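Descriptive structure summary
What follows is each chain in one-letter form.
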Protein chains: 2
Amino acid sequence: MEKNDLLAAHQRIQPYIHKTPVLTCRTIDDMAGAEVYFKCENFQKMGAFKMRGACNAILCLPQAARSKGVATHSSGNFAQALALAARLMGTKAFIVMPSNAPAVKKQAVLGYGGMVIDCEPTLQAREEMLHAVVAKTGATFVHPFNDDDVILGQSTAALELLEQAPSLDFIIAPVGGGGLLGGTALAAHYFSPRTVVIGAEPFGADDAWQSKQAGHIIPQTNPQTIADGLRTSLGEKTFPLIRDYVQEIIRVEEEEIVAAMRLLLERVKIVVEPSGGVSLAALLRSKDAFSGKKVGVILSGGNIDLKTLGTYFG
Amino acid sequence: MEKNDLLAAHQRIQPYIHKTPVLTCRTIDDMAGAEVYFKCENFQKMGAFKMRGACNAILCLPQAARSKGVATHSSGNFAQALALAARLMGTKAFIVMPSNAPAVKKQAVLGYGGMVIDCEPTLQAREEMLHAVVAKTGATFVHPFNDDDVILGQSTAALELLEQAPSLDFIIAPVGGGGLLGGTALAAHYFSPRTVVIGAEPFGADDAWQSKQAGHIIPQTNPQTIADGLRTSLGEKTFPLIRDYVQEIIRVEEEEIVAAMRLLLERVKIVVEPSGGVSLAALLRSKDAFSGKKVGVILSGGNIDLKTLGTYFG
C-alpha cells in the first residue's frame, strides 16, 4: 500500500461517504490539558467508519465481479456498511450472521437492502456457510478488516483529519481487527510522519497490546468488554502496520469507556458507541503523555440504541 | 440593519465562535420526503447560537464602555453566552438572575467567569436590580434579543448555513424572543431572497404565531412548554422582522418536540435541548409543505443535562 493508493481510495469513495466534521470542546481540552480534535465518524453514513472500507472494497472490484455482489460474515457495523455500500453501487450484499445475533442487527442489514443468511454460531459453521454462499452466487468475499482495500478505505478518515486539523502531534484510534488503526498509521506515515499514532483498546480485549508486546499475533480468545466493535483479533495484514507504525497501545477500563461516552454526550453533545469512547478514554487515562499537545481522536462510530445508552447513564 | 452589517458582524465574531458543521441524515430525509440540512448550533461555544449575538454585542461597544463590562437579566443560554463572551474579550459580565433559578444555571454562569446577582423572582425586582447594577458598575445593559447587535450576531448562523448548503428552498428556525428567527430572516432576505423562512414554536408558547396573526405583539403570559428557550415574548425590534420577512409560524405539540429530540439522538447521533428539537418537529408536522425541497433546519442549542434527557426517553 503506497502513498498514492491512499489518495486514490479517498477520491474513489468520496461520492459515497460523508466528509465528517472535526469538533473541539474547551471543557475537554481543559480536562485533558491538550488541544483535542474529534474526528466524528459517528456521523459517517450508517454510523461508523466501516462505510469507508466497504465502499473502497466494492469500488476496487472489476465490473464483472462487482455485478455478482459481495459477501461477508459479520454481525457488527461492517455488515451494515457492506449492505449499504452495495446498495449505493447497485449490487448485492450477502451477509452471513450467526443465528443468535441480535434481531436489531439483522433488521439493520435488511434495512440497508442486504441479504441475511443465518448460520450456526460457530466459527466453522460461519466459514462453511460463507464458502457455500460465495460458491452459489459468485459474490466476492470481503473481509471486514484483513483486506488491503478495506484498510485503504479506513485510512481516509485520518487522511481527512490531518487536513482538517493540521500539525497534529498524535492521533489516537481504537483497535479491534486493526483496519482503522492500521489505515490511520499508514495515513500518518505517508502524509504526516511527525504525527505519532496510538492505539486504544479495552483491558478486556487487549490482544493488540499483547500482540505488539510479543511481536506476533496473539488471538483474542475470550473478550470481555462493552466495546463490541473491539472484540476481534488482529489479522496478518493489519498486525504488521500496527507493529511497525503504531507507537503504543493504551488499554482502558470499562468504567473509563462509559465515562468518556458520558463526557462526549454531555459536553460535545454527541452520541458514540462504546468502541467510539475508547480513544477518548485512552487520552484521559494517559493525559500526562499528551500534555500541551495537539491530539486527534478518532470517534469510530455511533451505533448504539437509546435503551442501551440509557442503561449506562440511568 | 443593512446587508453589510451582517457581513461585518460575521467577520467580527469569527475569532470567538465555532463555524458549526451542517449534518445530513438519509433516514430523516426519507421520513421528511425532503433534503434536510441541520445547522448544528448545539455544537456552538457554550452550547447554543446565543454565543454569536453576545459576542457581537460586546465587540460593538466602544472600548471605554467595553472595559466596564456588560450586564443582562437571564437565566438561560444568553446568561452563559454573555459570561463566556465577556471572559474571552477580557471584560466582566454581571448577570441578574431570579433567586429561584436552578442552581445548575447559576453554576454554569459562574463557571464561565460571570458574576451572578440574585434578585426576587418578579419582573419589577429584576429590572430594578439591573438598573442598580448598571448604575453602580457602569456596565452596559445587553438585552438577550431585543438589540440590533444581538440580532446581527444571531443572523450569522443562517449566513453560514446559506453558504454551507446552497440553494435552500426553506430555512426553519425556532422562535422565542425572535433574535434567531429575526436574524435568520434578515440573512435570507439579503443573501438568498428565494429562500422562504419559517418559524417554529410550541403550541404552549405560541405568542409569535398569535402576534403574526394579529399584526402586533401579543405578549406571552403563561407559557407551558418544555422548550425553555422559547417561553419569552417577542420584542419591538424582532417582531417587525418576523412580520415582514417570515412566511409562517408552525406550531408543534410537546410530544412532537420529544420525538424530534429522540430522532436527532438516535439517527443523527446528536444531543439537542427541547428548543433545538422544535424546528425539526415543525418540519415533520408539516412535511407536505416541504416535500421534495431543500430545507435548512437550525438546531438552536444542546444545553440539557443527561438526567433531564433521560426523563424524556426513560
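Everything numeric in this text was worked out from a predicted model, so none of it was measured. Sequence order as written defines residue numbering, which begins from 1 separately in each chain. As they are written, the chains are lettered A onward and the ligands numbered 1 onward, keeping that order. Predicted model: local features are reported for residues with pLDDT of at least 70 only, side-chain atom pairs are reported and counted for 80 or more only, and whole-chain, interface and lining totals are derived from all residues.

1. Details of the interface of chain B and chain A
Quoted interface sizes are often the accessible area lost when the parts come together. Note on contacts: each residue gets a C-beta atom placed from the backbone, and two residues are in contact if those atoms are within 7 Å. The interface is formed by 15 residues belonging to chain B together with 15 residues belonging to chain A. For helices the rule is a DSSP run of H or I covering at least 4 residues; for strands it is a run of E covering at least 2, with both sets numbered from the N terminus onward. For the side of chain B that touches chain A, the element with the highest residue contribution is helix α15 (residues 306-313) of chain B, accounting for three residues.

2. Comments concerning the pairing of strand β2 (residues 35-40) of chain B
Residue and element names in this part refer to chain B. Taking burial as the measure, the six residues of β2 include five buried ones, the bulk of the element. Note that strand β1 (residues 22-23) and β2 share two bridges and pair antiparallel. The partner of V22 across the bridge, within β2, is K39. Strands qualify as paired when DSSP identifies two bridges or more between them. The pairing of β2 with strand β10 (residues 294-299) spans six bridges and is parallel. Bridged to K39 within β10 is I298. Any residue with 12 or fewer other C-beta atoms within 10 Å of its own C-beta is exposed, any with 20 or more is buried, and the rest are partly exposed; the C-beta atoms used are placed from the backbone.

3. Section: the confidence of the model for chain A
The pLDDT score gives, residue by residue, the confidence of the prediction method on a 0 to 100 scale. Chain-level statistics for chain A give a pLDDT mean of 96 and a share of 100% at 70 or above. Reported confidences for the modelled complex are a pTM of 0.94 and an ipTM of 0.91.

4. Considering the packing of helix α3 (residues 50-59) of chain B against helix α5 (residues 77-88) of chain B
Residues and elements named next belong to chain B. The N-to-C vectors of α3 and α5 enclose an angle of 45 degrees; their axes lie 8 Å apart at closest approach. On the basis of the axis angle, α3 is oblique to α5. For the element pair α3 and α5, the recorded crossing hand is right-handed. Residues K50, M51, A54, C55 and I58 of α3 lie in contact with α5, whose contacting residues are N77, F78, A81, L82, L84, A85 and A86. Grouping the amino acids of the contact of α3 with α5 by side-chain chemistry returns 10 nonpolar, one polar and one charged. An axis is simply a line fitted to the C-alpha atoms; with a helix, the fit covers only the stretch in contact. Between two such axes, the angle follows the N-to-C directions and lies from 0 to 180 degrees. Here roughly perpendicular refers to angles of 65 to 115 degrees, roughly parallel to angles under 35, roughly antiparallel to angles over 145, and oblique to all remaining angles. By definition, turning the near helix anticlockwise from the far helix through less than a right angle yields a left-handed crossing, and turning it clockwise yields a right-handed one. Think of it as three bins: nonpolar holds Ala, Val, Leu, Ile, Met, Phe, Trp, Tyr, Cys and Pro, charged holds Asp, Glu, Lys and Arg, and polar takes everything else, Gly as well.

5. Examining the environment of G229(A)
Mapped onto the elements of the fold, G229(A) is located in the loop between α10 (207-214) and α11 (239-245). Separated by 44 residues in the primary sequence, G229(A) and E273(A) have C-alpha atoms spaced 8.8 Å apart.

6. Some thoughts on the relation of the copies chain B and chain A
We place the copies in one frame by least squares, fitting the C-alpha atoms of every residue whose pLDDT is at least 70 in both. Between the two copies, chain B and chain A, the superposition gives an RMSD of 0.0 Å; the rotation angle is 180 degrees and the shift along the axis is 0.0 Å. Seen this way, the second copy is the image of the first under a two-fold rotation axis. Taking C-alpha positions as the reference, the residue of chain B nearest the rotation axis is I270(B), at 2.2 Å. Looking at the interface residues of chain B, 100% of them are also at the interface in chain A, so both copies use one shared face.

7. What to know about the sheet that holds strand β5 (residues 115-119) of chain A
Residue and element names in this part refer to chain A. Pairing is parallel in the open sheet, where four strands are placed in the order β5-β4-β3-β6. Of all the strands in the sheet, the pair left with one neighbour each is β5 and β6 (140-141). Bridge analysis of strand β3 (residues 70-73) against β6 gives two bridges, and the strand direction is parallel. Looking at β6, one finds that A71 is bridged to F141. Against the sheet, helix α7 (residues 123-137) makes contact with β3, β4 (93-98), β5 and β6, and its axis sits at roughly 160 degrees relative to β4, the strand it touches most.

8. A look at the domain arrangement of chain A
Residue and element names in this part refer to chain A. Along its sequence, chain A is carved into domain 1 (3-48 + 147-313) and domain 2 (51-141). Taking only C-alpha atoms, the centre of domain 1 and the centre of domain 2 are 24 Å apart. Every contact between the two is made by 23 residues of domain 1 and, on the other side, 17 residues of domain 2. Where the side of domain 1 that touches domain 2 is concerned, the elements lending two or more residues are α1 (3-13) and α8 (148-164). Tallying contributions element by element places α8 first for the side of domain 1 that touches domain 2, with seven residues. Taken together, the residues of the side of domain 1 that touches domain 2 break down into nine nonpolar, eight polar and six charged. Residue ranges assigned to the domains are those given by an automatic or database domain assignment.

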